[in-house]
Amino acid sequence: MNLYDAHQHLHCDALTPHRAAIVRDLAAAGVKGVVVNGTNEEEWPVVAALAANPSAGIGEVGLDRWIIDGLKPDDPRLAGLRVAPLAEQSGVFAAQLALGAELNRAVSIHCVQAWGALHDVLKKTPRPARGLLLHGYAGPAEMIKNFADLGAYFSFNIQLLEPRHAGRLENFRHIPTKRLLVETDAPTKPPPGDRNRFPLPPATDGSPVNHPANIAVAYEVLAELRGVPLELLAPQLEQNFRRLFC
Ligand SMILES: [Zn+2]
């Protein structure tokens, strides 16, 4: 069975010491493709070096209201960063989306608590003909069709198993199969203890580290959730991955 991870960060420091083993484990798990996302300019060269072919996409890019409203200004996660107001984020994101449209490259989109604003930008801006990815979709159920009509794919992340995400987990029963993908977002968001098939030691700052081969676990959970055999689901998702990213 061929598996594909629609969103992760293999280049991150937390995974670097384990990279050789990870690449072996990915091959053994049947993983045929992964989308490695840089999140800032410093990461671009290492992400580019990891790409074995020129099928680059754009991302991850997008909108985040949580870093404006949900974090205290002295939160260590914001150290060295400037928090841009949502209007400024929207302007930059529109330019990135338009570039994706011009080059017809897949755009991988991060969105936290800004679904209305995201929809506005998507509606008003040229979009890549091949489509775009709303990674780890945690938006409202009633917006799924609106986003799908604008070319969106939706990737399932195992983090949605957490009880606080129960409503969002339910979305993934209903997303049309043709627009469905699976992701790990490794090195973050490891599966809960008993389902973590590839445990790794914590990072130097103590945060848990998700092994990208846990994509196999995410596939299994999604197949269970939708009540379809994994053998049926995986080839459908393979077509989706290839249509969007290859
Ligand atoms: Zn990510």
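Residues numbered from 1 in each chain as written. Predicted model: local features only at pLDDT ≥ 70, side-chain atom pairs only at ≥ 80, totals over all residues. Heavy atoms only, no water.

Asker: Summarise the overall build of the protein chain; cite the residues concerned and give the values.
Answerer: Each helix and strand in the protein chain was counted, giving nine helices and seven strands. Taken against the 2.2 N^0.38 rule, which gives 18 Å for 246 residues, the C-alpha radius of gyration of the protein chain at 17 Å falls within 12% of a compact globule. Reported as C-alpha extents along the three principal axes, the dimensions of the protein chain are approximately 45 × 40 × 40 Å. Going through the 246 residues of the protein chain one by one, you find that 48% of them count as buried. For the protein chain, long-range pairs separated by at least 24 residues make up 71% of all intrachain contacts whose partners lie at least 6 apart in sequence. Entry remark: accessible area of the protein chain is about 12100 Å², with carbon and sulfur atoms responsible for 56%. If the 24 positive side-chain charges of the protein chain are averaged to one point and the 26 negative ones to another, these points end up 7 Å apart. (Helix = DSSP H or I, 4+ residues; strand = E, 2+ residues; numbered from the N terminus. Rg over C-alpha atoms; globule rule 2.2 N^0.38 Å. Buried < 20%, exposed > 50% of the residue type's maximum accessible area, 1.4 Å probe, protein only. Contact = heavy atoms within 4.5 Å. Areas by Shrake-Rupley, 256 points an atom, 1.4 Å probe, with all protein chains shown as cover. Lys, Arg positive; Asp, Glu negative; His and termini not counted. Charge placed at Lys NZ, Arg CZ, Asp CG, Glu CD.)

Asker: Just give me the short version of helix α7 (residues 166-174), but keep the residues and values in it.
Answerer: Those residues of α7 that sit buried are L169, N171 and F172. Considered in projection along α7, the buried side chains sweep an arc of 140° and stay on one side of the axis. Structurally, α7 contributes buried residues whose contacts are with α6 (144-149), β6 (152-157), β7 (180-183) and α8 (215-226). (Arc of directions from axis to C-beta.)

Asker: Outline the pairing of strand β1 (residues 3-8), listing residues and values.
Answerer: Judged by how many residues are buried, β1 sits mostly within the fold: six of six residues are covered. In terms of strand pairing, β1 meets strand β2 (residues 31-36) through four bridges, oriented parallel. Note on β2: the bridge partner recorded for D5 is V34. Between β1 and its parallel partner β2, the chain crosses via helix α1 (residues 19-28), and the hand of that crossover is right-handed. (Pairing = 2+ DSSP bridges. Right-handed = clockwise from strand over helix to strand, strands pointing away.)

Asker: Describe the environment of I67, with residues and values.
Answerer: As for its placement among the helices and strands, I67 is situated in helix α3 (residues 66-69). C-alpha separation for the pair I67 and A84, spaced 17 residues apart in sequence, amounts to 8.9 Å. For I67, the contacting residues outside a window of four places in its chain are L78, V83 and Q89.

Asker: Please provide a residue-by-residue account of the coordination of the zinc ion, values included.
Answerer: Taken together, the protein donors to the zinc ion comprise H7 (NE2), H9 (NE2), E60 (OE) and D185 (OD), at separations of 2.1 to 2.3 Å. Every donor counted, the four donor atoms about the zinc ion form angles of 82 to 170° at the centre, which fits irregular coordination. Going along the chain, you hit the donors of the zinc ion in the pattern H-x1-H-x50-E-x124-D. In this pair, E60 sits in strand β3 (residues 58-64) while D185 sits in the loop between β7 and α8, placing the two residues 125 residues apart along the sequence. In this structure, E60 and D185 share a single accessibility class: buried. (Donors = N, O, S within 2.8 Å, 3.2 Å for Na, K, Ca; no water. Tetrahedral: all angles 85-135°; square planar, octahedral: opposite > 155°, others 65-115°.)

Asker: Explain the pairing of strand β4 (residues 107-112) to me, and be specific about the residues and the numbers.
Answerer: Where β3 and β4 come together, six bridges link them in parallel fashion. If you follow V61 over to β4, its bridge partner there is I109. Bridge analysis of β4 against strand β5 (residues 132-134) gives three bridges, and the strand direction is parallel. Of the residues in β5, the one forming a bridge with I109 is L134. As for the winding sense of the linkage, the β-α-β connection from β4 through helix α5 (residues 115-124) to β5 is right-handed.

Asker: Describe the packing of helix α4 (residues 86-103) against α5, with residues and values.
Answerer: For the pair α4 and α5, interaxial distance at closest approach is 10 Å and the crossing angle is 35°. The chirality of how α4 crosses α5 is right-handed. In this structure, α4 contributes L86, S90, F93, A94 and L97 to the contact, and α5 contributes A117, L118, V121 and L122. Residues belonging to the contact of α4 with α5 are distributed by class as follows: eight nonpolar, one polar and no charged. (Axes fitted to C-alpha atoms, helices over the stretch in contact; angles between N-to-C directions. Left-handed = near helix turned anticlockwise from the far one by under 90°. Nonpolar A, V, L, I, M, F, W, Y, C, P; charged D, E, K, R; others polar.)

Asker: Before we move on, can you summarise the nonpolar core with the specific residues and values?
Answerer: One finds L118, L134, F147, F154 and F172 to be the most contacted residues of the largest nonpolar core, which totals 70 residues. Once residues within four sequence positions are removed from consideration, L134 is found in contact with I109, W115, L118, F147, A152, Y153, F154 and S155. (Core = buried A, V, L, I, M, F, W, Y, C linked by side-chain atoms within 4.5 Å.)

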